[in-house]
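# Survey of secondary and tertiary structure
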Amino acid sequence: YSLYANTEGWANTAQGVASLGCNDVGYFNTAIGAGSLFFNTNGVGNTASGFLSATCNTGGNLNTAIGFYALYANESGSLNTAIGFGSLASTSSDESTAVGGMALAQNTTGTYNTALGSYALYSNYNGSNNIAIGYAAGADLQYDYNICIGNPGDIDDVGIIRIGDADHQSYGTYISGIANHSIIGQDVVIDEDGRLGIPAPSSRRYKHNIVELSDDVPAKLHELKPVSFKYYATRDPKQATYYRDWE
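Residues numbered from 1 in each chain as written. Predicted model: local features only at pLDDT ≥ 70, side-chain atom pairs only at ≥ 80, totals over all residues. Heavy atoms only, no water.

### Focus: the overall build of the protein chain
In terms of helices and strands, the protein chain carries 1 helix and 14 strands. Scaling as 2.2 N^0.38, a compact globule of 247 residues should have a C-alpha radius of gyration of about 18 Å, whereas the protein chain reaches 28 Å, well beyond that. Over its C-alpha atoms, taken along the principal directions, the protein chain stretches across nearly 95 × 40 × 35 Å. The buried share among the 247 residues of the protein chain stands at 33%. In the protein chain, the share of contacts with a sequence separation of at least 24, taken over all contacts with a separation of at least 6, comes to 1%. Carbon and sulfur atoms provide 56% of the accessible area of the protein chain, an area that totals close to 15,600 Å². Of the side chains in the protein chain, 11 bear a positive and 23 a negative charge, and the two mean positions are spaced by 20 Å. (Helix = DSSP H or I, 4+ residues; strand = E, 2+ residues; numbered from the N terminus. Rg over C-alpha atoms; globule rule 2.2 N^0.38 Å. Buried < 20%, exposed > 50% of the residue type's maximum accessible area, 1.4 Å probe, protein only. Contact = heavy atoms within 4.5 Å. Areas by Shrake-Rupley, 256 points an atom, 1.4 Å probe, with all protein chains shown as cover. Lys, Arg positive; Asp, Glu negative; His and termini not counted. Charge placed at Lys NZ, Arg CZ, Asp CG, Glu CD.)

So this is what it looks like as structure tokens:
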């Protein structure tokens, strides 16, 4: 029954019961496994390997589906890659990559997503331009432009980067290429939730409970020997003025 409805399609390969069964004019397709690319009629350049892989594809082009149920519901989306059981099984959009069982499994209209790892970006329905690496990484994401590495993310995240999980990575962070390399810029602080950022501007509108210092405090501050200075042009071409206690 493979390729049994084919009329003008050419250069197709079908192996397995009902594989490419409805193909009419599509060409350069490869279907291996029962029901793979079954509903394809005019799609071009698709590769499906595994039972029911890319079964519902009708006019999508240049898709790759490897694994049982991979890219199952895709009809017209193109340039998707799904490797692993159920990966991108619900999608109907374009240019996403899912590697790992159930990766991006519930994605429907989200585009340009990359999920590497089982259950990565699992619950993402419509979010786009997300990157998730690791088991269940980004599994809770719903929106756009997030990066999750070894972290499930949060349902309300938009444009957030999360690396590691506080429940498992809590003993230290080591990044090579930073130590002994000084740069000019703003200080970075870390809040109690592990979020990185720069200190709030020193302005009255960001503060409360402001109390004037006693008369002896300024003298004690001068004991720190505060100075103003500029770095050599090789380190700071803008020649900004900095203020620090004496080092």
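### Digging into the packing of aromatic side chains
On inspection of all chains with the given rule, the structure shows 10 aromatic pairs. Taking 4.6 Å as the distance between ring centres and 85 degrees as the angle between the ring planes, the aromatic pair formed by Phe 38 and Phe 39 counts as edge-to-face. With a relative accessible area of 39%, Phe 39 lands in the partly exposed category. A ring pair is formed by Tyr 119 and Tyr 135, whose centres lie 6.1 Å apart and whose planes are at 75 degrees; its orientation type is edge-to-face. In this pair, Tyr 119 is assigned in the loop between β7 (114–116) and β8 (131–133) and Tyr 135 in the loop between β8 and β9 (147–149), connecting sequence segments 16 residues apart. On the basis of relative accessibility, which here comes to 36%, the residue Tyr 119 falls in the partly exposed class. Exposure remark for Tyr 135: the relative accessible area of 64% places this residue in the exposed category. Each residue in the set Phe 51, Phe 68, Tyr 69, Tyr 72 and Phe 85 is aromatic and connected to the rest through ring pairs, giving one cluster. (Phe/Tyr/Trp six-rings, centres within 6.5 Å; stacked < 30°, edge-to-face > 60°.)

### Topic: the nonpolar core
One finds Leu 37, Ala 54, Leu 71, Leu 88, Leu 104, Ala 115 and Leu 121 to be the most contacted residues of the largest nonpolar core, which totals 20 residues. Setting aside residues no more than four positions away along its own chain, Leu 88 makes contact with Leu 71, Tyr 72, Asn 80, Thr 81, Ala 82, Ser 96, Ala 98, Ala 103, Leu 104, Ala 105 and Asn 107. (Core = buried A, V, L, I, M, F, W, Y, C linked by side-chain atoms within 4.5 Å.)

### Thoughts on unusual backbone geometry
Unlike most non-glycine residues, Met 102 shows phi in positive territory, near 65 degrees. Mapped onto the secondary structure, Met 102 falls in the loop between β6 (97–99) and β7. Given the relative accessible area of 18%, Met 102 is considered buried. Of note, Tyr 112 is a non-glycine position whose phi angle comes to about 55 degrees, a positive value. With respect to the helices, strands and loops of the structure, Tyr 112 is situated in the loop between β6 and β7.

### Re the side chain of Asn 151
Looking at the element boundaries, Asn 151 is found in the loop between β9 and β10 (161–163). Within polar-contact distance, the side chain of Asn 151 engages the backbone nitrogen of Gly 153 at 2.7 Å. A distance of 2.7 Å separates a polar side-chain atom of Asn 151 from the backbone oxygen of Gly 164. Excluding its chain neighbours within four sequence positions, the residues that come into contact with Asn 151 are Ala 136, Ala 137, Gly 138, Arg 162, Gly 164 and Asp 165. (Polar contact = N/O pair within 3.5 Å; in protein donor to acceptor, adjacent residues only side chain to side chain.)

### As for the sheet that holds strand β5 (residues 81–83)
Pairing within the open sheet is parallel, and its 10 strands lie in the order β1-β2-β3-β4-β5-β6-β7-β8-β9-β10. Unpaired on one side and paired on the other, β1 (13–15) and β10 mark the two borders of the sheet. Each strand of the sheet is rotated relative to its neighbour by a mean of 5 degrees, with strand direction disregarded. Direction of pairing for β7 relative to β8: parallel, over a ladder of 3 bridges. For Thr 114, the partnering residue across the bridge sits in β8 and is Ile 131. (Pairing = 2+ DSSP bridges. Axes fitted to C-alpha atoms, helices over the stretch in contact; angles between N-to-C directions.)

### Topic: the environment of Tyr 27
Following the sequence through the fold, Tyr 27 ends up in the loop between β1 and β2 (30–32). Separated by 141 residues in sequence, Tyr 27 and His 168 place their C-alpha atoms 49 Å apart. Each residue touching Tyr 27, except ones within four places of it in the same chain, is listed here: Trp 10, Asn 12, Gly 43, Val 44 and Gly 45.

### Points about the side chain of Asp 165
Within the fold, Asp 165 resides in the loop between β10 and β11 (189–190). There is no salt bridge for the buried Asp 165, and the closest opposite charge comes from Arg 162, which lies 8.8 Å off by N-O distance. When residues no more than four places from it in sequence are discounted, the contact partners of Asp 165 are Gly 150, Asn 151 and Pro 152. (Salt bridge = Lys/Arg side-chain N within 4 Å of Asp/Glu carboxyl O.)

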